[in-house]
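# Descriptive analysis of the structure
The lines below spell out each chain.
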Amino acid sequence: MRIKTYEAKTMQDALQQIKEELGPSALILNTRYITKGTKWFGLVPGQRLIEVVAGLASSKIVDSSVENQITDPISEEDSNRNVEAVSLQNIRNALDGMFQRQVEIGVNKELAQRLVYILDDIFSQFLSQQKELREENIRSEFKQRLSQVIQFSDGLDFSQKEQQVIALVGPTGVGKTTTVAKLAAISSIMNHKSVGLISIDAYRIAAYDQLKTYAEIIGLPVELALSPQGARTAIDGYSNKDIIIVDSVGRSPNHEIHMAELHGYMQAIQPTEVHLTTTASVKFDDYIRIVDRYRTLDVNRLIFTKLDETTSLDTLVNGAYYTRFPLSYLGVGQTVPDDLEVADINKVAGFLLPDRELKMVIKELNPND
Ligand SMILES: Nc1nc2c(ncn2[C@@H]2O[C@H](COP(=O)(O)OP(=O)(O)OP(=O)(O)O)[C@@H](O)[C@H]2O)c(=O)[nH]1
Ligand SMILES: [Mg+2]
C-alpha cells in the first residue's frame, strides 16, 4: 500500500489533491482536524486544516468502521502488480490478528489501523523487492514510518543561543517539581548551562520549599512568583541565564479560577516551551479532558512521568497521536536527575510492535525458517 498524508483547508480540496496524486481508486484511511501555527495564547489564531491519510491498497486489512472509500476499491489484480497475490494473502493473514491485539493493549483504533497499514506497506515492499525479512530491517523501517505518526522533540536543545523559558504545567501530584529539578540538574550540571528556576505557586508555600531544596542542592537560584507581574520580574532578573525553568502549581484542571490564573502567569512569562506533564497511568479519557483544558496555555510538548509504575504506554501513544504534540521527556523514577529519559522512538516502537509480535509475523511469512 502507498500511504500519504494530505493537509488542506477543506475536505474537497484534500480529495482533489488525493485524486490527482493517487487516482480515483485511492482509499481514505483517516481524517481529522488539526490546528497549525497557533501563536502565544491564541492571540494569533492557528489555521484549522483537515488532515487526510489516503492510500492505494495492495491488500485489504481494513476495519470497515475506520475505512471510507472515495470510489470503488481497486481490484486485487490491479492493486500491486509487483507483489505476488499469494504474498499479499500471506501478509494479510499474518497481520490479521495485529489490529485486534493493538486494540486489546489499549491502542486507539484509528492509530492501530494506521500501524497495520504501515506494516502492510513495509512487508509488501520487502516481498516485492525480494528482500530478506530481517527483524532489524523491518523494525528500522517501522520506526522511520512511525516517527511521521508520533513526534519527538529530542528534549531540550542545549545548543541554542537564545534564552529558553521552559514551563511545566499539569494536574496535581504528577511529578512536575521533581521533573523541573531533574531538568535543572541535567541543564546545569551535565550541559553547563546557566539556569534560573521560578516557582509560580500562590497557594502552597510547601511547593516552593520543595523546589528551593532541590535548587540549593544543585546550586541554582530560585524565585517565588506570587503574581504574573512577579513572574515577569523574575524572568527579567534572569536575563543572563541560558535556561529558565518554571514550575507551576498543580490544581485540578476542572478548577476554572486556577486555569485562568495560570493563563495570566503564562502570558506574563511567555515561555518558549510549555510541557504538559501527566503520569503515564492516567486513563486516556481523562487525558483528553486534561489536554483540552491545558491546550489554552499553548502547550507544545508532552512529558509523561511514573513510567516505572506501569507497563502500559497506551495513553502515551494515544495522547501523542491525538494531540500531535511531540513527546519530550519520560519520568522513570523518583531519583533526581537520573530517572529522566529523553523520549525517543525506541520505547514507543517497542510497545507498539513488541519483538515477539514481529517475530511471529516474520515466521508466518517465512514458515520454513
Ligand atoms: N515512581 C515515580 N515517582 C515519581 C516520578 N516523578 C515524580 N514522582 C513522585 O511523585 C510525587 C509527586 O511529585 P511532585 O514532583 O511533587 O509532583 P507535582 O506535580 O509537582 O505536584 P504538585 O506540585 O502538588 O502539583 C513525589 O513523591 C515524587 O517523588 C516518576 O517518574 N516515578
Ligand atoms: Mg509541585
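Quick summary incoming for the structure in this document.

Rules used in this analysis
Residues numbered from 1 in each chain as written. Chains lettered and ligands numbered in written order. Predicted model: local features only at pLDDT ≥ 70, side-chain atom pairs only at ≥ 80, totals over all residues. Heavy atoms only, no water. Helix = DSSP H or I, 4+ residues; strand = E, 2+ residues; numbered from the N terminus. Buried < 20%, exposed > 50% of the residue type's maximum accessible area, 1.4 Å probe, protein only. Contact = heavy atoms within 4.5 Å. Areas by Shrake-Rupley, 256 points an atom, 1.4 Å probe, with all protein chains shown as cover. Near = heavy atom within 4 Å. Polar contact = N/O pair within 3.5 Å; in protein donor to acceptor, adjacent residues only side chain to side chain. Salt bridge = Lys/Arg side-chain N within 4 Å of Asp/Glu carboxyl O. Expected span 1.5 Å × (residues − 1). Pairing = 2+ DSSP bridges. Axes fitted to C-alpha atoms, helices over the stretch in contact; angles between N-to-C directions.

Turning our eyes to something else, we now look at the overall build of the protein. Within the protein, the secondary structure is distributed over 13 helices and twelve strands. For the protein, the proportion of its 369 residues judged to be buried stands at 52%. Within the protein, counting contacts between residues at least 6 apart in sequence, those at least 24 apart form 76% of the total. By element, 47% of the accessible surface of the protein is carried by carbon and sulfur atoms, the whole surface being about 17100 Å².

Moving on: the site of ligand 1. What surrounds ligand 1 is a group of 18 residues, the closest being Gly175, Lys176, Thr177, Thr178 and Asp308. Contact distances for ligand 1 include 3.0 Å between an oxygen atom and a side-chain N or O atom of Gln210. Here Asp308 contributes a side-chain N or O atom positioned 2.8 Å from a nitrogen atom of ligand 1. In isolation ligand 1 exposes 660 Å². Once the protein is present, 83% of that is buried. The biggest single contributor to the shell around ligand 1 is helix α6 (residues 176–190), with four residues.

Note on pairing: side chains with opposite charge can pair once their charged atoms come close. Counting across every chain of the model gives 14 salt bridges. Residue Asp355 pairs with Arg139 through a salt bridge whose shortest N-O separation is 3.0 Å. Here the residue Asp355 occupies a position in helix α13 (residues 355–365), and Arg139 occupies one in helix α5 (residues 135–146), the gap between them amounting to 216 residues. Note that Asp286 is salt-bridged to Arg289, the shortest N-O span being 2.8 Å. Of the two residues, Asp286 and Arg289 are both situated in helix α10 (residues 284–294); the distance of three residues between them amounts to about one turn of the helix. Given a relative accessible area of 27%, Asp286 falls into the partly exposed group. One continuous salt-bridge network, built from bridges that share partners, spans Asp121, Glu141 and Arg145.

The first and last C-alpha atoms of helix α9 (residues 256–269) sit 20 Å apart over 14 residues, in line with the 20 Å expected at 1.5 Å per residue. Listed as buried for α9 are His258, Met259, Leu262, Tyr265, Met266, Ala268 and Ile269. As for α9, its buried residues are in contact with β5 (164–169), β6 (195–200), β7 (222–225), α8 (228–237), β8 (243–248) and α10. Downstream of α9 by a residue or two, Gln270 has a phi angle that is positive, lying close to 50°.

As a further point, take unusual backbone geometry. The step from Val336 to Pro337 runs through a cis peptide bond, and the omega angle for that step is 0°. Counting through the fold element by element, Pro337 comes out in the loop between β11 (327–331) and β12 (340–342). The backbone phi angle of Gln270 is positive, close to 50°, even though this residue is not glycine.

Attention shifts here to the sheet that holds β5. Strand order in the open sheet formed by eight strands is β7-β6-β8-β5-β9-β10-β11-β12, and the pairing between neighbours is mixed. Two strands in the sheet have a free side with no partner beyond their single neighbour: β7 and β12. The average undirected angle you get between the axes of adjacent strands in this sheet is 20°. For β6 and β7, the ladder comprises four bridges, and the chain directions are parallel. The partner of Ser199 across the bridge, within β7, is Leu224. Along the sheet face, α6 touches β5, β6, β8, β9 (273–279), β10 (301–305), β11 and β12 and points at about 170° away from the line of β8. Of the strands in this sheet, β5, β6, β7 and β8 touch α9, which is tilted by about 155° from β6.

Honestly, that's just the spatial picture; any functional story needs more than this.
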